[in-house]
Amino acid sequence: MTTPAPPGPGRPTENSMRRALKRARDGVALDASEAAVLLQARGEDLTDLAASAARVRDAGLDQAGRPGVITYSKSVFIPLTRLCRDKCHYCTFVTVPGKLRRAGHGMFMSPDEVLDIARKGAALGCKEALITLGDKPEDRWPEAREWLDAHGYDDTIAYVRAISVRILEETGLLPHLNPGVMSWTDFQRLKPVAPSMGMMLETTATRLWSEPGGPHHGSPDKEPAVRLRVLEDAGRSSVPFTSGLLIGIGETYEERAESLFALRKVSRAYHGVQELIIQNFRAKPDTAMRGMPDAELDELVATIAVARHIMGPAACLQAPPNLVEGEYERLIGAGIDDWGGVSPLTIDHVNPERPWPQIEELAERSRAAGFELRERLCVYPEFVRRGEPWLDPRLRPHVAALADPETGLARPGVLPTGLPWQEPEDSFTPTGRTDLHRTIDTEGRTSDRRDDYDEVYGDWDALREAAAPGMAPQRIDTDVREALRTAGDDPTRLTDAEALALFHADGPALDALCRIADDVRRSVVGDDVTYIVTRNINFTNVCYTGCRFCAFAQRRTDADAYTLSLSQVADRAQQAWDVGAVEVCMQGGIHPDLPGTAYFDIAKAVKERVPGMHVHAFSPMEVVNGATRTGMSIREWLTAAKEAGLDTIPGTAAEILDDEVRWILTKGKLPTATWIEVVKTAHELGIRSSSTMMYGHVDQPRHWLGHLRTLAGIQRETGGFTEFVTLPFIHTNAPVYLAGIARPGPTTRDNRAVTAMARLLLHPWIPNIQTSWVKLGTEGAAEMLRSGANDLGGTLMEETISRMAGSSYGSYKSVRDLVAVAEAAGRPAKPRTTLYGAVPDERRRAAAASDGHLPELLPVLD
């Protein structure tokens, strides 16, 4: 059995304690070693530490506009299931199926049982439904899997989502969800049904999880790295999130300090940690840790005070009042500003032996310490006032019904009542700068960045620190000449070391590489340069995902924001058909008001107006957005989209398929594994896709290699990619460049090397390599055709994404223009369909008749 580790090599010296206390008093940032010293403060030293922490707390409350206020949430505790796949050695919440059956309980609480508690709570004025449950019980217990199957749920998260909707609609309580470890996709599924979620970090001490006898040994979900990833995914998903520490489970003071700094790092990076709970371990009978001593009150007080100094004045710190034997004043004096959830109805099912204090008593004891007790909602006032993207539009009416619009705290005297959980009305009302597809080329954008540039993308300083390791160049020792010989003989035999050497090739070696790639191109697809007559339709640029490379996304209130109506989308498709197009490529921002079924409506609108038009639409990010908003699986959603008229999907949203790079480039876009899942699922359903790579920002050749290897592996498995598209990073208005983190796009050398290596590394699996004239211009595209590319993409007719980013090459190329690019490379050109088939004669004639003069669509640049 684990016992508390000794606090370092003995007590800190008087000098080290004195120095650390002075730094705390003076408001100087502490480091981890100083924090570990202060965690051991006792007696007068602890009084000194607590006093300085309280001053930091008071400054934060003043700044937040609620001086002298301590908050709590009036809640009901709903233990949705007490089954869990983990085996924490101190837990009495978790049980086993046999005990539940003997007690007459189901494997999960039924909807009726949940709603009975929620209704009683609403009648008592509770506003929070705290839904707590074990981690993924179906992975360990067949009985849990059987219950879910019998009730029609794919997994526990699906039931959590469904019961949350019923709570919202039938009682008006706001769900706060604690389902344990969640994936990025789980957050997307649950965000529309809960204004806040939570999961305790507990500790970053890996040994307490990895070593036999440790409190978390045998519990897969308690690995610190996994739990930190959950906190990061919550921030990426803009979910107001509660976390915290469980102290006294065997961690050292140094480990406890490291845990606090890990929480601060996540909080600073994403601005999404709404509160931290500092909870003291209390030993429970019938557990493996029943013989462990409780964490002493001084330990708790010191940890609260140090947490306040580390997290700063704006942080919200909570300590459960039922675990401290009435010593409320000491917790207030150490810097807390919240008591957490307190229920007049239900027990604390995690600590059932510790009853909640009466709210009246809590108010009186807080008042005695000089504080007014005020009720808050499960989502903290700051996030209520922030609104989008932190609150889903479907939850705004429920939150607004209970929140004071000025303070964000709970509205006094209001009882919750059920409200419909539904999509916003009129989601396809045309708004904003709907002529941006034309005026981006004539008038430009209103400004080079969004007004919320300093907040929406996370903390730029933290991002610079995170980006630095990935941008470090790698030493290459492999002989380039030997690598060129391998490429010339058989590119499928290139090792990773040889491929990296070729990615770095320059001068004569680069020329030789491009000749080899061009020879491979000629042998595989011949000399024809293909192109497609297509129209881009970006149906909205309202988006809160927070991609740091994107200058297209706008808030709904920004001057350059717009959303098209369904009829406008159909009108543009009709115009494109009239001038010879065979395809429309449709993508948009992740607009919070668009329902998950909006994508079906868009595809139907085009097919109803122009039945013969190929609908190439919806990136993997949009697919996941649609699926999670509807509650459908990715497979179900794609099947429905195909039935609505979707033909193929663009393989965009890939950027670089390496999460080391992705989480620098984007705050909230889907992770690599999810992108791969979407693409593979689409291919399995007969929905083919393109593939892409955006490069030249915070990446290095090793990332390009990994990306291309991943695409080749998918293609070998599914055969679903139609082409690979190189997307050079456009830096001009990209936030990550404006912040001084990304480099200014790829060099000409980079472009040639990437195009040539794409040809070689994807051979023979993906035969078509496309270059982007809108990003490289005519001369640049012609050079890529001499470096292994065989396709020029489309006429586009309108192109907003690259133009908003600062591309200067216009939005339209006529067929004659594209033929001229091919001729500049010494090659013939021919039109193609999306799937690289022959274009019908009627379409070719329509394109020729209108070529080069499209006044109804947009001005043609000289």
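No experiment lies behind these values; they were computed from the predicted model shown.

Asks: Would you mind going over the nonpolar core with me for this structure?
Replies: One broad trend across soluble globular proteins is that nonpolar side chains are buried collectively. One finds Met586, Trp637, Trp675, Phe724, Met757, Leu760 and Leu762 to be the most contacted residues of the largest nonpolar core, which totals 128 residues. Top element by residues in this core is helix H22 (residues 507–525). It accounts for eight residues. Not counting the four nearest positions on each side in its chain, Met757 is found in contact with Leu494, Ala499, Leu502, Phe503, Leu513, Leu708 and Leu762. Leu100, Leu168, Ile304 and Ala403 belong to the second-largest nonpolar core, a separate cluster that totals 124 residues.

Asks: What exactly am I supposed to notice about the pattern of salt bridges here?
Replies: Opposite charge on two side chains permits them to pair, given that their charged atoms come into close proximity. The final tally for this structure, using the stated rule, is 58 salt bridges. Residue Arg145 is joined to Asp149 by a salt bridge in which the shortest nitrogen-to-oxygen separation is 3.1 Å. You can see Arg145 and its partner Asp149 sitting in helix H6 (residues 142–150), four residues apart, about one turn around the helix. A salt bridge links Arg629 to Asp392; the nearest nitrogen and oxygen atoms lie 3.2 Å apart. Pair noted here: Arg629 is in helix H25 (residues 620–630) and Asp392 is in the loop between helix H15 (381–386) and helix H16 (396–402), with a separation of 237 residues, a long-range link. What makes Arg629 buried here is its relative accessible area of 7%. One network of salt bridges, with partners in common, ties together Asp518, Asp519, Arg521, Arg522 and Asp527.

Asks: For this particular structure, what's the right way to read the packing of aromatic side chains?
Replies: In total, this model carries 16 aromatic pairs according to the counting rule given. Geometrically, the ring pair formed by Phe539 and Phe618 is edge-to-face, given 6.3 Å between the ring centres and 75° between the ring planes. Here the residue Phe539 occupies a position in the loop between strand S12 (534–538) and strand S13 (562–563), and Phe618 occupies one in the loop between strand S15 (614–617) and H25, the gap between them amounting to 79 residues. Under the relative-accessibility criterion, Phe539 is labelled buried at 1%. Between Phe618 and Trp637, the aromatic rings sit 6.5 Å apart at their centres with planes inclined by 75°, giving edge-to-face as the arrangement. Of this pair, Phe618 sits in the loop between S15 and H25 while Trp637 sits in helix H26 (residues 634–644); the two residues are 19 residues apart in sequence, bridging distant segments of the chain. Each member of the pair, Phe618 together with Trp637, is buried. Here the aromatic cluster, defined as three or more aromatic residues joined through ring pairs, consists of Phe539, Tyr599, Phe600, Phe618 and Trp637. The lysine or arginine in question, Arg832, covers the ring of Tyr836, its NZ or CZ lying 4.0 Å from the ring centre.

Asks: Mind showing me how you'd approach the sheet that holds S15 here?
Replies: If you trace the three strands from one edge of the open sheet to the other, you get S12-S14-S15, paired in parallel fashion. The strands lining the two open edges of the sheet, one partner per strand, are S12 and S15. Within this sheet the neighbouring strands show an average axis-to-axis angle of 25°, counted without direction. Its contacts with the sheet put helix H23 (residues 566–578) on S12 and strand S14 (583–587), and the angle it makes with S12 is roughly 170°.

Asks: Would you mind going over helix H5 (residues 111–123) with me for this structure?
Replies: Residues spaced three or four apart along an α-helix point in a common direction, a consequence of the helix completing one turn every 3.6 residues. Taking 1.5 Å per residue as the helical rise, H5 with its 13 residues ought to reach 18 Å, and the 18 Å between its terminal C-alpha atoms agrees with that figure. Along H5, the residues that are buried comprise Pro111, Val114, Leu115, Ile117, Ala118, Gly121 and Ala122. With its buried residues spanning 160° around the axis, H5 presents them on a single face. Pointing more than 90 degrees away from the buried face of H5 are the exposed residues Asp112 and Ala123. Each element contacted by the buried residues of H5 is listed here: strand S1 (69–81) and helix H7 (156–170).

Asks: In this structure, what is going on with the pairing of strand S5 (residues 241–247)? I would like to understand it.
Replies: Put simply, side chains in a regular strand alternate between the two faces of the sheet. For S5, a buried count of seven out of seven residues is recorded, marking the element as mostly surrounded by other parts of the structure. Here S5 shows a buried face lined by Phe241, Ser243, Leu245 and Ile247 and a second buried face lined by Thr242, Gly244 and Leu246. As judged from the two bridges shared by strand S4 (residues 196–198) and S5, these two strands associate in the parallel manner. In the strand pairing of S5, Gly198 is matched with Thr242.

Asks: In this structure, what is going on with the pairing of strand S17 (residues 721–728)? I would like to understand it.
Replies: Counting buried residues in S17 gives eight out of eight residues, a clear majority hidden from the surface. Looking at chain direction, strand S16 (residues 689–695) and S17 are connected through six bridges and run parallel. By the bridge assignment, Met694 is partnered in S17 with Leu727. Across two bridges, S17 lies against strand S18 (residues 769–770) in parallel orientation. The residue of S18 that forms the bridge with Val725 is Gln770.

Criteria and cut-off values
- Residues numbered from 1 in each chain as written.
- Predicted model: local features only at pLDDT ≥ 70, side-chain atom pairs only at ≥ 80, totals over all residues.
- Heavy atoms only, no water.
- Core = buried A, V, L, I, M, F, W, Y, C linked by side-chain atoms within 4.5 Å.
- Buried < 20%, exposed > 50% of the residue type's maximum accessible area, 1.4 Å probe, protein only.
- Helix = DSSP H or I, 4+ residues; strand = E, 2+ residues; numbered from the N terminus.
- Contact = heavy atoms within 4.5 Å.
- Salt bridge = Lys/Arg side-chain N within 4 Å of Asp/Glu carboxyl O.
- Phe/Tyr/Trp six-rings, centres within 6.5 Å; stacked < 30°, edge-to-face > 60°.
- Lys NZ or Arg CZ within 6 Å of the ring centre and 35° of its normal.
- Pairing = 2+ DSSP bridges.
- Axes fitted to C-alpha atoms, helices over the stretch in contact; angles between N-to-C directions.
- Expected span 1.5 Å × (residues − 1).
- Arc of directions from axis to C-beta.

All quantities given are derived from atomic positions and should not be read as evidence of function.
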